[in-house]
Amino acid sequence: MAYLTQPDYVKYACSCGQIKPITSLYFCRHCLQIRCGFCICHEVDSHYCANCLENMPSSEARLKKNRCSSCFDCPSCFHTLSTRATLAQPRQTPEQGSGDSKVENKQAKKMYYLSCFNCRWTSRDVGIPDQPVASGGWPERVNPNATRINQLLDYYKAIAQQEKQEKLDRERKKFAIRGKYITLTDKTGLTGAMARNIAGLPSSESTMSAIANFVPSEASAEVEELSEDFYTKELNLNQITSMPQRLAAPEWQPSSVSRLYPIAKLLSVKRSQRCRACDHNLTKPEYNPGSIKFKIELLAFYHVPEVKIISYEPIKPGCTSALLLKLTNPTGHEMQVRLLQPEEVPDTEDRLEEPKSLEKSLEKSLNLEKDNLWYETVQRKADVTATCRVVTPDVTLTLAQRDDAAEYDDDATHDANDIILWRKSNKLALRLQVSCGAEMGAGSAAEAALALQYRYRNTVPAAHEPRDHTLHATLLLQLGHVSG
């Protein structure tokens, strides 16, 4: 199981050989295999703001540079800014002061500004005027060098397009007969700069000089101001921005605290996760309140038996120690479990018994056209190097189905079997033996490998009856260190 403040004492082996805790794994209900983050494809469905929950398409998010236009982060402590309201009294002109009736009709107007509840930073600290609306309408800070940057981007895009076209022309004329003149310079006697001018491109010398002379005006002004303050008066470190604050605004990189402006909040993505082997969706976000539950139920600990370590005796070289484990059935059907050694687990091709039907044969023929090179390369057995060996009993254990109402039943029942300590609802406690080799030295890591063979009822094909499958899972148990 995965703990919050403790290391992962029990890890499961993925079909690609990775060893991870069960909370970091997924279970594909179509190919009935355990998948990790490397065995699935991540597809971005849509973008949304995590603060205001506004959805936007990918094209709009690209135009807005993946930032929300109505939510901002604090430039000082990077917390989300809140909108606060205040009453602003309208200004009274000399003409309005002559008549009392006109002044009485003028009421206080509600204005809004941004404030941080963590560090007490406000938009008034940098001179941003209050806005008459709560959401949107905040002035956008324009980069003073945006025009020059766009010119450079267009220039290099043109160069890339020209190089791509030249490459295509060379490939087409690879077997063509070469002319007398190899290059344009040999034919006309022009220099490289004149040839670039004829082609409609600026000369390289002018481009390099323009790039060398490209210095941001605002950044240079801040540097000059900071240098003047350094030589004229005592430097106040509280008025200088930190490195994270500067990198949060890479276009301006303010050096003074008085130049910090609100940062537009980055957008989050709703992504789908697809199995690389069978191309079925493992998780797909929906826009209804039950989407979170749908995503959680596809994790591995909702389909694979969960193993926890209750306690164990100190591991000593050449001795046998007791190990107490707890098995949990997370499914809604009764499960048969057997304990095996990792070398007794059959190959992946022999695990599933696929029915011989027309639909399966058609699906198999279609999958032949797909490139499965990645899947064949990654799929391998996990390298489980165990220093200890668990003595597995030759018995079949029965785990009851999961029942939330059974959590409030009476105490656990004790079986007559020496292996089973107690049984309660869908949980079962076992007493096993762990043997350690005599060659193990004191202080070395004590790890034991174990394999589970369990019966899983597949309920994905709704049109057909549920079928039972025999699946396997390899575990690695962390038992501390070998004692002297």
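Rules of the game
- Residues numbered from 1 in each chain as written.
- Predicted model: local features only at pLDDT ≥ 70, side-chain atom pairs only at ≥ 80, totals over all residues.
- Heavy atoms only, no water.
- Pairing = 2+ DSSP bridges.
- Helix = DSSP H or I, 4+ residues; strand = E, 2+ residues; numbered from the N terminus.
- Salt bridge = Lys/Arg side-chain N within 4 Å of Asp/Glu carboxyl O.
- Buried < 20%, exposed > 50% of the residue type's maximum accessible area, 1.4 Å probe, protein only.
- Phe/Tyr/Trp six-rings, centres within 6.5 Å; stacked < 30°, edge-to-face > 60°.
- Lys NZ or Arg CZ within 6 Å of the ring centre and 35° of its normal.

**Here's the deal with the sheet that holds strand β5 (residues 40-48)**
The four strands lie next to each other as β6-β5-β11-β12, forming an open sheet whose pairing is antiparallel. Of all strands in the sheet, those with a lone pairing partner are β6 (55-56) and β12 (281-283), marking the two edges. As paired elements, β5 and strand β11 (residues 268-275) share eight bridges and run antiparallel to each other. Across the sheet, the residue bridging to histidine 42 is glutamine 273, located in β11.

**A look at the pattern of salt bridges**
Considering all chains together, one arrives at nine salt bridges under this definition. The closest approach of N and O atoms between arginine 274 and glutamate 43, which form a salt bridge, is 3.0 Å. In this pair, arginine 274 is assigned in strand β11 and glutamate 43 in strand β5, connecting sequence segments 231 residues apart. Arginine 338 is the partner of aspartate 394 in a salt bridge, and the nearest nitrogen-oxygen pair spans 2.8 Å. On the criterion of sequence distance, the pair formed by aspartate 394 in the loop between β16 (388-391) and β17 (396-399) and arginine 338 in strand β15 (residues 335-340) is long-range, its members being 56 residues apart. A relative accessible area of 27% means that arginine 338 is categorised as partly exposed.

**A closer look at the packing of aromatic side chains**
The description of two aromatic rings rests on the distance between their centres and on the angle between their planes. All chains considered together, the criterion is met by two aromatic pairs. Seen in terms of ring centroids, phenylalanine 27 and tyrosine 456 are 5.1 Å apart; in terms of plane orientation they differ by 65 degrees. Their pairing is edge-to-face. Here the residue phenylalanine 27 occupies a position in strand β3 (residues 26-28), and tyrosine 456 occupies one in strand β20 (residues 445-458), the gap between them amounting to 429 residues. Each member of the pair phenylalanine 27 and tyrosine 456 is classed as buried. Between the aromatic rings of tyrosine 155 and tyrosine 156, the centroid separation amounts to 5.1 Å while the plane-to-plane angle is 65 degrees, which identifies the pairing as edge-to-face. Taking NZ or CZ as reference, arginine 124 lies 4.0 Å from the ring centre of tyrosine 113, over its face. Its end group placed over the ring of tyrosine 48, lysine 270 keeps NZ or CZ at 5.5 Å from the ring centre.

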